[in-house]
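Chain residues, written in single-letter form:
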Amino acid sequence: MTNQASFHVLVVDDEEGIRSGADRILTRMGCRVTQAANGNDGLKVIDADAPAIVLLDMKMPGIDGMEVLQRIQSLGREILVIVITGYATLETAVEAMKRGAYDFIPKPFTPDQLRIVVNRAMETVRLRQQAETLARERERTLLDLDREQSRLRTIVDFLPSGLFVTNTEGIIVLMNPACRQALNLAADTATGRHIDAYIDDERLCSLVLDTSRGRHIDAEDIPPYEFSPSDNKFLMARCQPVRGANGQCLGALVNLMDITTLKVLDRLKSEFVAKVSHELRSPLATIHEQLALVLSDMIGQVPENDQHLLSRAKEKTQGLISLIGDLLDLSRIESGTVCHTPKPVQVEKLLADIVDFLQAQARAKGQTLEFAAPDEPLPPIKVDPLALESIFGNLITNAINYTQEGGQIRVTAEHAGPHLRIQVTDNGFGIEPRHLERIFERFFRVKNDRTRFITGTGLGLPIVKGLVDALGGLIQVESTPDAGSTFTVLIPVNTPADA
Ligand code: ADP
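Residues numbered from 1 in each chain as written. Predicted model: local features only at pLDDT ≥ 70, side-chain atom pairs only at ≥ 80, totals over all residues. Heavy atoms only, no water.

Engineer: Which residues make up the overall build of the chain, and what values go with them?
Structural biologist: Summing up its helical and strand segments, the chain has 13 helices and 17 strands in all. The C-alpha atoms of the chain give 46 Å as radius of gyration, which overshoots the globular expectation for 499 residues (23 Å, by more than 25%). A principal-axis box enclosing the C-alpha atoms of the chain has dimensions of 150 × 50 × 45 Å. Among the 499 residues that make up the chain, the fraction classed as buried is 40%. Residue pairs in contact within the chain that sit at least 24 positions apart in sequence constitute 62% of those at least 6 positions apart. Total accessible area on the chain is roughly 28,500 Å²; 54% of this is exposed by carbon and sulfur atoms. Taken together, the 53 basic and 67 acidic charged side chains of the chain have centroids lying 4 Å from each other. (Helix = DSSP H or I, 4+ residues; strand = E, 2+ residues; numbered from the N terminus. Rg over C-alpha atoms; globule rule 2.2 N^0.38 Å. Buried < 20%, exposed > 50% of the residue type's maximum accessible area, 1.4 Å probe, protein only. Contact = heavy atoms within 4.5 Å. Areas by Shrake-Rupley, 256 points an atom, 1.4 Å probe, with all protein chains shown as cover. Lys, Arg positive; Asp, Glu negative; His and termini not counted. Charge placed at Lys NZ, Arg CZ, Asp CG, Glu CD.)

Engineer: Kindly report on the sheet that holds strand E9 (residues 233-243), identifying the contributing residues and their values.
Structural biologist: Spatially, E7-E6-E10-E9-E8 is the arrangement adopted by the 5 strands of the open sheet, whose pairing is antiparallel. Each end of this open sheet is capped by a strand with a single partner; those strands are strand E7 (172-175) and strand E8 (225-230). The mean inter-strand angle of the sheet, taken between neighbouring strand axes irrespective of direction, is 30°. Alignment of strand E6 (residues 162-167) against E7, held across 3 bridges, turns out to be antiparallel. Bridged to threonine 166 within E7 is isoleucine 172. Contacts from helix H7 (residues 202-212) reach E6, E8, E9 and strand E10 (249-258), with the element oriented near 145° to E10. (Pairing = 2+ DSSP bridges. Axes fitted to C-alpha atoms, helices over the stretch in contact; angles between N-to-C directions.)

Engineer: Account for the sheet that holds strand E14 (residues 408-416), with residues named and values stated.
Structural biologist: In space, the 5 strands of this open sheet follow the order E12-E14-E15-E17-E16, with mixed pairing throughout. Of all strands in the sheet, those with a lone pairing partner are strand E12 (368-372) and strand E16 (474-480), marking the two edges. Taking each pair of neighbouring strands and ignoring which way they run, the sheet shows an average axis angle of 15°. Bridge analysis of E16 against strand E17 (residues 484-492) gives 7 bridges, and the strand direction is antiparallel. The partner of glutamine 476 across the bridge, within E17, is threonine 488.

Engineer: Could you give an account of the packing of helix H11 (residues 385-401) against helix H13 (residues 460-470), naming the residues involved and the relevant values?
Structural biologist: Two measures define how a pair of helices packs: the angle their axes make with one another and the distance between the axes. Packing of H11 against H13 brings their axes to within 9 Å, and their N-to-C directions diverge by 145°. Taken as a pair, H11 and H13 cross one another with a handedness that is left-handed. Facing H11, whose interface residues are Ala387, Ser390, Ile391, Asn394, Leu395 and Asn398, H13 presents Gly460, Leu461, Ile463, Val464, Leu467 and Val468. Along the lines of polarity and charge, the residues of the contact of H11 with H13 split into 8 nonpolar, 4 polar and no charged. (Left-handed = near helix turned anticlockwise from the far one by under 90°. Nonpolar A, V, L, I, M, F, W, Y, C, P; charged D, E, K, R; others polar.)

Engineer: Before we move on, can you summarise the packing of helix H8 (residues 260-298) against helix H9 (residues 304-334) with the specific residues and values?
Structural biologist: Closest axis-to-axis distance for the H8/H9 pair is 8 Å, and the angle between their directions is 155°. Considering their axes alone, H8 and H9 lie roughly antiparallel with respect to each other. As H8 packs across H9, the resulting crossing turns out to be left-handed. Partitioned by chemical class, the residues of the contact of H8 with H9 number 18 nonpolar, 9 polar and 4 charged. (Parallel < 35°, antiparallel > 145°, perpendicular 65-115°, else oblique.)

Engineer: Report on the site of the ligand, specifying residues and quantitative values.
Structural biologist: Neighbouring the ligand are 19 residues; Asn398, Tyr402, Arg445, Thr457 and Leu461 lie closest to it. Threonine 457 is positioned such that a nitrogen or oxygen atom in its backbone is 2.8 Å from an oxygen atom of the ligand. Coverage of the ligand by the protein amounts to 96% of the 530 Å² it exposes when considered alone. Looking at the shell around the ligand element by element, the count peaks at 3 residues for H13. Partitioned by chemical class, the residues of the shell around the ligand number 10 nonpolar, 7 polar and 2 charged. (Near = heavy atom within 4 Å. Polar contact = N/O pair within 3.5 Å; in protein donor to acceptor, adjacent residues only side chain to side chain.)

Engineer: So what's going on with the nonpolar core? Which residues, and what values?
Structural biologist: Counting residues in each nonpolar core, the largest one holds 48 residues, and the members touching the most others are Leu388, Ile391, Phe392 and Leu395. Per-element accounting of this core gives the leading share, 8 residues, to H11. Built from parts of two domains, this core gets at least three residues from each of domain 3 (262-335) and domain 4 (343-498). Aside from chain neighbours lying at most four places away, what touches leucine 388 is Val345, Val347, Leu350, Ile354, Ile381, Val383, Gly393, Leu471 and Ile491. Counting residues in each nonpolar core, the second largest holds 24 residues, with Ala22, Cys31, Ile105 and Leu114 among its members. (Core = buried A, V, L, I, M, F, W, Y, C linked by side-chain atoms within 4.5 Å. Domains from an automatic or database assignment.)

Engineer: Mind laying out helix H2 (residues 39-48), listing which residues take part and the relevant values?
Structural biologist: Looking at H2, one finds that the buried residues are Gly39, Gly42, Leu43, Val45 and Ile46. Looking straight down H2, one finds its buried side chains confined to an arc of 160°; they lie on one side. Seen from the open side of H2, the exposed residues pointing more than 90 degrees away from its buried face are Lys44, Asp47 and Ala48. Buried-residue contacts for H2 involve strand E1 (8-12), strand E2 (32-36), strand E3 (53-57) and helix H3 (65-75). Of the residues that open H2, the one with a side-chain oxygen 3.1 Å from the backbone nitrogen of asparagine 40 is asparagine 38. (Arc of directions from axis to C-beta.)

Engineer: Describe the packing of aromatic side chains, with residues and values.
Structural biologist: Inspection of the entire model under this criterion finds 1 aromatic pair. For the pair tyrosine 225 and phenylalanine 227, a centre-to-centre distance of 6.2 Å together with 25° between the ring planes defines the contact as stacked. Side by side, tyrosine 225 and phenylalanine 227 carry an identical accessibility label, which is buried. Above the ring of tyrosine 198, the side-chain terminus of arginine 193 is found at 5.6 Å from the ring centroid. A cation over a ring is seen here: lysine 263 above phenylalanine 234, with NZ or CZ 5.7 Å from the ring centre. (Phe/Tyr/Trp six-rings, centres within 6.5 Å; stacked < 30°, edge-to-face > 60°. Lys NZ or Arg CZ within 6 Å of the ring centre and 35° of its normal.)

Here it is as structure tokens:
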């Protein structure tokens, strides 16, 4: 309604000359004009076809301007009244303004004076209409926002996994019912307190706090965190920074997944494997020993073919015995019952002994196997020596197995900051990049023309990785097919056993 042509102006005056003069001027300004010769007629027009502006003469026969003004005001409509004060005094104009008139124009007036007053009134009407439109839009936006928020709230409340949001100070500002349940909190636990009032796990609290303060730029860098809020309950927390429109960190979003069933299944599986392996080990060892006895008795007495068959059977039982041994080692690692007898270990001495022990195996393939002792003695570390023997025994045996006859294997050890860095390098078959990621998976073995006849279980490297993890260390591998591989193990000088 901001279009000038649509402004309806009513002129109420008993003087015909004033009415027609105003009509002409206002029509030329683009207004739609209606005339009324007295107060009653004017009120009828107002009733039938609400004008935006009324030009109202104060002094008229019948009901006078002041009364018409009062009736217009009592309607409560948004009509601007400009009073025309003729021979009346200025006080009348002031009184009319007090009673709600918008403006006044004294008689006689020039066309310009009329135009100025009406233009001002039209501008006011326009501004009022704009303000109304804006207010309506604001109301609608607020309503939409409210609907959107309640929709999101419903979704968050019905999510099956726990979810909470913190601000930059680590105060929990949102928490869904699944989260309260996961953390064993009462259903009516309110938000608004620091994270450590809800979660009794220092490492998780500091991970969430770091994320909330924007210390982790990329969500991918934040490792999932496993913790146990109570006996027999395991949760996996994944944190993610919440970013504002300009990329600034506003807090953290944390998702809690109940992984208790997975943990129980994993434990049952390990227990089952351990039990089966344990039951199989003794009879297999007996069969193996008896086959060895029979074979030694048979030499020169039975056909060579029969001897060959029994030798194959003996080899196979030996393979099964190592598989069972590996499975039992893995179960022990999974149940956390390894590395339990830490002692101070001089790593260079332990490595020299393992290299000595495996020298015969390397020599049988015409390989050179050497240990380059460090110039300075390494600091002793407190670990379970059996764990270290298993790690480096496996890595060096692999290097011998997966290196051609006449190849070279070198073991080095050095002190590197908070770690001991031990490397096993060979110039053997190497590993293709596509296999590199998988060699630490259980039962994964690279199958090609060169490895086909090498016996193995595919459990050696998973055992190595499990043990290195248990020592709080790190294992990496670099390899080039047909050129060789280097396995690097970093072991903290202060191992978890020291803590
Ligand atoms: P296994 O030796 O019993 O097969 P591992 O878990 O020890 O099982 O090793 C997995 C696979 O990784 C091996 O089958 C082999 O293909 C590859 N691999 C391990 N060490 C080396 C190495 N030093 N050089 C080349 N390949 C290797």
